[in-house]
Amino acid sequence: MNDQARRTAFFDVDETLITVKSMFRFLRFHLRAQGAPDSAYEEAAAQLRRRAAEGVPREVTNREYYGLYAGCPAEEVAAEGRAWFAQELAAGGLFHAPVLDALREHRSAGDRTVLVSGSFPACLDPVAAHVGADAVLCSRPEIKDGRYTGELTVAVIGDAKAVAAEADMRGTGADPADCHAYGDHASDLPLLTAVGHAHVIGDDPVLAERAADSGWHRLKGIAGHTPATAATSTSVAVAASAAPAGDPLGELARLGGLPGTPEDPAWRTGAELLLRHLGRAAAMVADGYAAPEDIDTAMRLGCGMRRGPLELLASIGPHTAQAASEALGLPAGAFARLGRAPVAAAPVPVPAPLAAGAEPRTVRDVGVVGSGTMATGIAAVFLASGHPVRLLARSEQRAEAARVAVHRALLSTRMPRDGADRVLEGCVTVLSAEALAGCDLVVEAIAEDLDAKLDVLTRLDRACGPGTVLATTTSSLPVARLAAAVSRPADVIGLHFFNPAPAMTLVEVVRTDTTAAEVIATADALCRGLGRTPVHCTDRAGFIVNALLFPLLNDAARIVGEGRGTVEEVDAAVTGGCGLPHGPFRLLDVVGTDVALAVQQGLRRGLGGSDLDVAPLLEELVRDGVLGMKARRSVRQHLRPAA
């Protein structure tokens, strides 16, 4: 079977893949975002309920729903949709776990996965991106001059779901007899009968009867869910997701992926590592520091995690995590804050300037300051994307060496040598900050030394004209402290590229309280134009990746140092539960215990809290020269006899 003719699995969304009715949950969010009182939502929902009770067809009430958005800017509603989804995800219990597992199994088998819904892109696009769906077949509100008219160009509900799925299968050449569909409501019946393999979710009486007659597969429904009209409140589903588990450790064992059982001491140490890690991620969301989707993306791209911590927490549920933490005597405050907070009180998932549609500045000419691995790698990234680069080095000798390193970095991307030679012509080495005047963006990428970075930024401030964005690649220093050294802190932003820059697609975009809206938008657009994935956070020690990864390594060292687990047990717990591709002690071998110690000490100074106290074993390893692979003294080998 060719790629175009792959088998397809179609998923209804509301109360099938997710546990809420997206259209009504989002409407409440949208109206609050517009400054409307809660009574506005209640009145709108009551009107639709009355219409449904009068027997008005769902297709009609579906269209009437979209009339509520008439005149709204489409981009603004799309930004609200991303914010709504991130907050729902952070609250926990958003996804119906058995159906999400089924979707992932289809993806693992190479099947196409397609969402089919009467909802619209503002709600569905973030869901599709999160689960990796290949396509979305949904209702499409009419847009004119960038605003919703209140009319629909396409309505995908009832029979139209089947029509859309059949058109999709024809377009890809998929055989309907081989395809699958998942639905929870009688209105999904046409979709289910359009394929050879139907899966019924829950206890809708129409679908239950048809499933019994046809031998269709049945999956457990959402706790507390009963079939309802499109205008029914979602409070039942919310209450169900908020209920603490009766056996929290048993629930964690079922959902957390940890090896063993709660009766095993090794399982409990693994649970401690997992819950502490998830708690730190939950605190980032509860504090408004970063959005769930940015945290998950950062950990997947930066650390290779199979699932981001907030995705994992959503599948476990913050209330189960809280109860399990309390049962093990661990801090549970972050989970409690997530679990109690109303949806609308959760943090906005993207910086306000992006949500408000701030216009990015044009960036063509780029300056890069530095001649080390990071600077030359970043220069190669810009050059490969067509940006002329001026590379500032401290001497002719360093400049020449840097140029060779840039060429080598280009070749590392598998660019042909003649192509690398040609691209390198766009790189000019310079020896003074004044030579960077006229650049649209200058990236400082020198060593992690506060005084040195302050000196560089001060010189750049004098040399570069108004409008030049000044970016620092610091991974550990306060961006706000660096921005305060220049006369225009609004133009300063953190762009934390990961090493090696030509290979790593993640960039942490770090804004301060003074960073201008258009500078944040410029950084975001620039990263995407470079083929990189930006994640946004505010200025805090460790940003996202380091603030989550290194405390996990430190916790692992503490547990082994206290004799509460072996290296093998802890590595297995972290790979199984947290989803890292390698255990913490292999990572310590790669990163170096001295680096891990320095980062952890920086986090302790910057963030405070006894849970960030450096593990005595980590200090001991550094003191004894057990630094990992670079010193040819493996942490795992050193600790194995003691284990």
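Residues numbered from 1 in each chain as written. Predicted model: local features only at pLDDT ≥ 70, side-chain atom pairs only at ≥ 80, totals over all residues. Heavy atoms only, no water.

**Q** Honestly, the overall build of the protein chain in this entry has me stumped. Any pointers?
**A** Helix and strand counts for the protein chain come out as 29 helices and 16 strands. For the protein chain, whose C-alpha radius of gyration is 27 Å, the value lies close to the compact-globule estimate of 26 Å for 643 residues. Overall size of the protein chain, expressed as C-alpha extent along the three principal axes, is 80 × 65 × 55 Å. Residue pairs in contact within the protein chain that sit at least 24 positions apart in sequence constitute 67% of those at least 6 positions apart. Carbon and sulfur atoms make up 51% of the accessible area of the protein chain, which amounts to about 25700 Å² in all. Put simply, the protein chain has 62 plus and 77 minus side-chain charges, and the middle of one group is 4 Å from the middle of the other. (Helix = DSSP H or I, 4+ residues; strand = E, 2+ residues; numbered from the N terminus. Rg over C-alpha atoms; globule rule 2.2 N^0.38 Å. Contact = heavy atoms within 4.5 Å. Areas by Shrake-Rupley, 256 points an atom, 1.4 Å probe, with all protein chains shown as cover. Lys, Arg positive; Asp, Glu negative; His and termini not counted. Charge placed at Lys NZ, Arg CZ, Asp CG, Glu CD.)

**Q** Sorry if this is basic, but what is going on with the packing of aromatic side chains here?
**A** For any two aromatic rings, the description comes down to two numbers: the centre-to-centre distance and the angle of the planes. This structure, assessed with the given rule, holds 15 aromatic pairs. Through a chain of ring-to-ring contacts, the aromatic side chains of Phe24, Phe26, Phe29, Tyr65, Tyr66, Tyr69, Trp84, Phe120 and Tyr148 assemble into a single cluster. Over the ring of Tyr289 we find Arg540; its NZ or CZ atom is 4.1 Å from the centre of that ring. (Phe/Tyr/Trp six-rings, centres within 6.5 Å; stacked < 30°, edge-to-face > 60°. Lys NZ or Arg CZ within 6 Å of the ring centre and 35° of its normal.)

**Q** I keep staring at the nonpolar core and nothing clicks. Help me out?
**A** A general tendency of soluble globular proteins is for nonpolar side chains to be buried together. If you look at the biggest cluster of nonpolar residues, it comprises 92 residues, and the most contacted ones within it are Ile295, Leu436, Leu460, Ile544 and Phe585. Tyr41, Phe85, Leu94 and Leu152 belong to the second largest nonpolar core, which has 49 residues in total. (Core = buried A, V, L, I, M, F, W, Y, C linked by side-chain atoms within 4.5 Å. Buried < 20%, exposed > 50% of the residue type's maximum accessible area, 1.4 Å probe, protein only.)

**Q** Is there a simple way to explain helix H23 (residues 517-529) in this structure?
**A** Since the α-helix packs 3.6 residues into each turn, any two residues three or four apart lie on the same face. For H23, spanning 13 residues, the distance from its first C-alpha to its last is 18 Å, which sits close to the expected 18 Å at 1.5 Å a residue. Taken residue by residue, H23 has Val519, Ile520, Ala521, Thr522, Ala523, Asp524, Leu526 and Cys527 as its buried positions. Looking one or two residues past H23, Gly531 carries a phi angle of roughly 80°, positive in sign. (Expected span 1.5 Å × (residues − 1).)

**Q** Can you walk me through the packing of helix H18 (residues 373-384) against helix H19 (residues 396-412) in this structure?
**A** Any two packed helices are characterised by the angle at which their axes cross and by the distance between the axes. Orientation of H18 relative to H19, taken along the N-to-C sense of each, is 60°, at an axis distance of 8 Å. It follows from the interaxial angle that H18 and H19 lie oblique. Relative to H19, H18 is oriented so that their crossing is right-handed. Contact residues: H18 offers Thr376, Gly377, Ala379, Ala380, Leu383 and Ala384, while H19 offers Ala402, Ala405, Val406, Ala409 and Leu410. Of the residues in the contact of H18 with H19, the class split is 9 nonpolar, 2 polar and no charged. (Axes fitted to C-alpha atoms, helices over the stretch in contact; angles between N-to-C directions. Parallel < 35°, antiparallel > 145°, perpendicular 65-115°, else oblique. Left-handed = near helix turned anticlockwise from the far one by under 90°. Nonpolar A, V, L, I, M, F, W, Y, C, P; charged D, E, K, R; others polar.)

**Q** What is the right way to read the sheet that holds strand E2 (residues 112-117) from this model?
**A** Think of a sheet as strands paired side by side through backbone hydrogen bonds, with each pair either parallel or antiparallel. The parallel open sheet is built from 6 strands, whose spatial order is E3-E2-E1-E6-E7-E8. Each end of this open sheet is capped by a strand with a single partner; those strands are strand E3 (135-138) and strand E8 (217-219). For this sheet, the mean angle separating the axes of adjacent strands, direction not counted, is 20°. Pairing of strand E1 (residues 8-12) with strand E6 (residues 180-183), which is carried by 3 bridges, proceeds in the parallel orientation. Its bridge partner lying in E6, Ala9 is registered against His180. Its contacts with the sheet place helix H5 (residues 97-108) against E1, E2, E6, strand E7 (197-201) and E8, and it is angled at close to 160° to E1. (Pairing = 2+ DSSP bridges.)

**Q** Whenever I open this one, the environment of Arg268 confuses me. Can you help?
**A** Its location among the elements puts Arg268 in helix H12 (residues 265-286). Its relative accessible area of 37% is what places Arg268 among the partly exposed residues. Between the C-alpha atoms of Arg268 and Ala573, which are 305 residues apart in sequence, the distance is 9.6 Å. Once you skip the residues sitting within four places of it in the chain, Arg268 turns out to touch Leu249, Pro262 and Leu328.

**Q** Looking at this structure, how should I read the sheet that holds strand E14 (residues 492-497)?
**A** In space, the 8 strands of this open sheet follow the order E11-E10-E9-E12-E13-E14-E15-E16, with mixed pairing throughout. One side of each edge strand has no neighbouring strand; the edge strands of this open sheet are strand E11 (427-430) and strand E16 (533-538). Pairs of neighbouring strands in the sheet enclose a mean axial angle of 25°, with direction left out of account. Sheet topology places strand E10 (residues 389-392) next to E11; 4 bridges connect them, and they run parallel. Opposite Leu391, over in E11, you have Thr429 as the bridge partner. Across the sheet, H19 lies against E10 and E11, angled at about 155° from E11, the strand it touches most.

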